[in-house]
Amino acid sequence: MRRILTYIRYELKVFLGSYTNMFWMIAFPLLLMSIFIIFFADFRFHEVEIEKASVAYHEEAFLPLYFVEAPKELPNMATLDKTSIENSLFQGKAMTEEQALKALKNEKIDGYVDEELRLVISRNGISQMIMDEVLTTSKQIAKLNLPYTAYDFDRSYTESIDEEYSPIDVVFYALFAMISLYGAYLSGTIGNRLIVRGQSIALRNATSPTSKAWQVMIGVATSFLWSLFLVALTVVYVEFILKQHFFSPDVNNIPLIVSALVFGISWGLFLGTVIKKESLQTTALIGSLLIMAGISGMFSNDIRILLQRSFPSLIQFNPVSRIGDELIKVNMLGNYSTLSSTVLLLAAYSGVLIVVSILCVRRKKA
Amino acid sequence: MVIQVENLIKEFKEIRALDSFNLELKEGEILGLIGPNGSGKSTLLLSILGIYAFEKGKISVFNQELKPNSYDIKRKIGYVPQDLALFEELTVYENIDYFCGLYVRDRKKRKELTEKAIAFVGLEKYKKFVPSKLSGGLARRLNIACGIAHEPTLIFLDEPTVAVDAQSRSFILEGIKELNRQGASIIYTSHYLEEVENLCDRIAIIDQGRNIITGTYEELRDSTITTEIIKITLLEENADILKDLRNLSHVIDVTIKDSEYTVKFDNPKSNVANIVQFLKEKGLTYLKLYTEVPSLNDVFLELTGKELRD
């Protein structure tokens, strides 16, 4: 065990041993966070407060939309006017499906809820996401045969800070998701030290009696500890230094973040073993992380919305998008419906990348 | 036998890097490998070390085939690569400890060996220095220390004195002799022929992937050098002597430069006595008269038709 700790210490020292590396690996992500918060924190909740989802609905779908806010006293259902609705989340009126589709096409409404509580939309956005959330919960209540008064009246989508969610949050979580993959930079160096392709240190390691498996294990363990530290540091920095509340103390964050760290490490290991040239490895690492984060909306939520409309599967299968979305759902919306599928997808990606990397490391002699 | 290479053929695509190569390293000897760049020296070392696969032939190390998981054999081997294989971010002590730790698990033993290696290469004052703060010679010493700290009994030294100042070179060569005295068998490659001549028990001359000849320096010289060069400086210059020297039997060439005559014979031995007799007969007094000992470069030139440093 002591030997393992010694080598982890050496790995970390080699990785962070220069001021340049320390800047890029520690200071830069925190700097990005600071810049982001300084420029965008003020816009964070403003946009959500002023926007109500413009909704059309079948009369049968009135109640789920109506009960998202607790009425001061229970209304008389027989005399309740169901032709129009206005509360803190929605405004709109009852329509036939035909009228609604026309309104959707002309972008006059954000969505239409039919009598089966199915949501019809013409584009993606926050309004649509909130409507979807309300309808999913309503369906669950109906399935359980509970009265609509069993709706979680305490949950507010616009007033409680913990549950607020804005396009700026998409950018923040995409940035954070990218930082959670930073272990790739360390694990990306493992291949260079184990596969003999010109580097003399690899020659030394290859001629030693220490197995490659042990050396990979040390590199992976160091990468994991390093990326865990960086994520923890970022959370502490954002929550306590920048005083921005993006994270809730929800245990569901743990499997999500762990699977993100493992995916990051696997991605670095993969690129470091399949690409021979060191300079090309660095370019591929930086480029791939930026592209994945860009797709998930790190540069602008509009890019993400555009891609979601044109290439929805790109968002669906992009690991950074999945991590960012899940972080929003867990920390902002308290929604865990897709958490396990995201964790499984990241685990599957990691598994494939690790298998390919091991095959490359174990590759026959030159 | 520590190493036995038999009929080894190694090819890189269409280039044959080693061609029916044979070599033996006996226990306790220093074997020098000399040859120009690209002759196959490093390829041979990496084939023996199990890094390169080869097309044909057989290599045994300590009478066994070296496989990736031959950990017991690997534990006895030390390798000092031609390029510096050091971590720039780790100190002298940490670098040696890192590589020694790949061979020795016990922490206490590793510490002892690391300290010993530092003393062996004379880097006690630089323990906490990072490699970039060391001179070229000191960095080379560190490179060696990293390869021998675990006290191997078989050491591969691939041009360990390249770009090293005279003082460090002498220190390194003394160190190699000491390792050999302590019982290590060594394979040593170098471009510096005088080093190989002085250091190695036997020498293998490699050219174009072939082992041209292996033997002691004397054996190589005797089997390849077919001429002798004698140099004479006379007390007084004599205009006729040049012609008389050329008429001597077995003389193939005579030149004069700065009052020194260079006489080349077509046979390698017993020409000094004839020259002395000739000068006596002519009544000439000589200030200096000596046979120029053929260098390893002469041997190499004779065998391959080219200078080693081509």
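Criteria and cut-off values
- Residues numbered from 1 in each chain as written.
- Chains lettered and ligands numbered in written order.
- Predicted model: local features only at pLDDT ≥ 70, side-chain atom pairs only at ≥ 80, totals over all residues.
- Heavy atoms only, no water.
- Helix = DSSP H or I, 4+ residues; strand = E, 2+ residues; numbered from the N terminus.
- Buried < 20%, exposed > 50% of the residue type's maximum accessible area, 1.4 Å probe, protein only.
- Contact = heavy atoms within 4.5 Å.
- Areas by Shrake-Rupley, 256 points an atom, 1.4 Å probe, with all protein chains shown as cover.
- Lys, Arg positive; Asp, Glu negative; His and termini not counted.
- Charge placed at Lys NZ, Arg CZ, Asp CG, Glu CD.
- Polar contact = N/O pair within 3.5 Å; in protein donor to acceptor, adjacent residues only side chain to side chain.
- Buried area = accessible area lost by both parts, 1.4 Å probe.
- Salt bridge = Lys/Arg side-chain N within 4 Å of Asp/Glu carboxyl O.
- Phe/Tyr/Trp six-rings, centres within 6.5 Å; stacked < 30°, edge-to-face > 60°.
- Lys NZ or Arg CZ within 6 Å of the ring centre and 35° of its normal.
- Expected span 1.5 Å × (residues − 1).
- Pairing = 2+ DSSP bridges.
- Axes fitted to C-alpha atoms, helices over the stretch in contact; angles between N-to-C directions.
- Parallel < 35°, antiparallel > 145°, perpendicular 65-115°, else oblique.
- Nonpolar A, V, L, I, M, F, W, Y, C, P; charged D, E, K, R; others polar.
- Core = buried A, V, L, I, M, F, W, Y, C linked by side-chain atoms within 4.5 Å.
- Domains from an automatic or database assignment.

A. Up close: the overall build of chain B. Looking only at helices and strands, one finds 11 helices and 13 strands in chain B. Taken along its principal axes, the extent of the C-alpha atoms in chain B is 75 × 50 × 30 Å. With 310 residues in all, chain B has 51% of them scored as buried. Within chain B, contacts between residues at least 6 apart in sequence are counted, and of these 68% link residues at least 24 apart. Here chain B has roughly 15000 Å² of accessible surface; of this, 46% comes from carbon and sulfur atoms. Taking the average place of the 41 positive charges on the side chains of chain B and the average place of its 48 negative ones, the gap between the two points comes to 6 Å.

B. Expanded view of the side chain of Lys74(B). Mapped onto the fold, Lys74(B) is located in helix 2 (residues 71-74). A distance of 3.2 Å separates a polar side-chain atom of Lys74(B) from the backbone oxygen of Ala206(A). Ignoring sequence-local partners within four residues, the contact set of Lys74(B) consists of Ala206(A), Thr207(A), Ser208(A), Pro209(A), Leu66(B), Lys67(B), Pro68(B) and Tyr103(B).

C. A look at the interface of chain B and chain A. In this assembly, 36 residues from chain B lie in contact with 26 residues from chain A. Taken together, both faces of the contact between chain B and chain A bury some 3000 Å²; the carbon and sulfur share is 59%. In terms of surface lost to chain A, no three residues of chain B exceed Ile51(B), Tyr98(B) and Leu102(B), which account for 23% of the buried area on that side. Inspection of the chain B/chain A interface yields two salt bridges. Counting across the chain B and chain A interface gives 10 residue pairs in polar contact (both at pLDDT 80 or more).

D. Spotlight on the packing of aromatic side chains. Inspection of the entire model under this criterion finds 28 aromatic pairs over all chains. With a centroid separation of 6.0 Å and an interplanar angle of 50 degrees, the aromatic rings of Tyr10(A) and Tyr98(B) are classed as tilted. Placement of the pair is Tyr10(A) in helix 1 (residues 2-16) and Tyr98(B) in helix 3 (residues 92-101), with the two residues belonging to separate chains. Exposure remark for Tyr10(A): the relative accessible area of 2% places this residue in the buried category. Three or more aromatic residues link up through ring pairs in this structure, and these residues are Tyr7(A), Tyr10(A), Trp214(A), Phe87(B), Tyr98(B) and Phe99(B). The side chain of Arg141(B) reaches across the aromatic face of Phe171(B), ending 4.1 Å from its centre. In this structure, Arg169(B) is placed above the aromatic ring of Tyr192(B), and the distance from its NZ or CZ to the ring centre is 3.8 Å.

E. View of helix 13 (residues 278-295) of chain A. With 18 residues, helix 13 of chain A extends 26 Å from end C-alpha to end C-alpha; this agrees with the ideal 26 Å at 1.5 Å per step. A positive backbone phi angle near 105 degrees is found at Gly297(A), which sits one or two residues after helix 13 of chain A.

F. Inspection of the sheet that holds strand 2 (residues 15-25) of chain B at higher detail. All names here are of chain B. Ordered in space as 2-1-4, the three strands form an open sheet in which the pairing is antiparallel. Only two strands of the sheet have a single partner each, and these edge strands are strand 2 and strand 4 (56-61). Neighbour to neighbour, the strand axes of the sheet diverge by 25 degrees on average, direction disregarded. Both strand 1 (residues 3-12) and strand 2 contribute to a ladder of seven bridges, which runs antiparallel.

G. Region of interest: the packing of helix 7 (residues 167-179) of chain A against helix 11 (residues 212-241) of chain A. All names here are of chain A. Between helix 7 and helix 11, the shortest axis-to-axis distance is 9 Å and the interhelical angle comes to 150 degrees. Regarding the angle of helix 7 to helix 11, the classification is roughly antiparallel. Within the contact between the two elements, helix 7 uses Phe172, Phe176 and Ile179 and helix 11 uses Leu230, Val231, Thr234, Val235 and Val238. Taken together, the residues of the contact of helix 7 with helix 11 sort by class into seven nonpolar, one polar and no charged.

H. Here's a closer look at the nonpolar core. Residues and elements named next belong to chain A. Ranked by size, the top nonpolar core spans 55 residues in total, and within it Phe36, Phe172, Tyr173, Phe176, Trp226, Phe246 and Trp267 carry the most contacts. If you tally residues by element for this core, the top one is helix 7, at 11 residues. Beyond its immediate stretch of four places on either side in the chain, Trp267 contacts Leu285, Ser288, Leu289, Met292 and Leu353.

I. Structural view of the domain arrangement of chain B. If you check the domain split of chain B, you get domain 1 (3-222) and domain 2 (227-293). Taking only C-alpha atoms, the centre of domain 1 of chain B and the centre of domain 2 of chain B are 44 Å apart.

J. Expanded view of the domain arrangement of chain A. All names here are of chain A. Its domain assignment divides chain A into domain 1 (2-44 + 166-361) and domain 2 (49-161). Computed from C-alpha atoms alone, the centre-to-centre distance between domain 1 and domain 2 is 38 Å. Across the contact, nine residues belong to domain 1 and six residues belong to domain 2. Surface buried jointly by domain 1 and domain 2 totals about 700 Å² across both partners, of which 61% is contributed by carbon and sulfur atoms. Counting the surface domain 1 buries against domain 2, the share from its top three residues, Gln308, Arg309 and Leu333, is 50%. For the interface between domain 1 and domain 2, the tally reads zero salt bridges. The interface formed by domain 1 and domain 2 holds one residue pair in polar contact (both at pLDDT 80 or more) in total.

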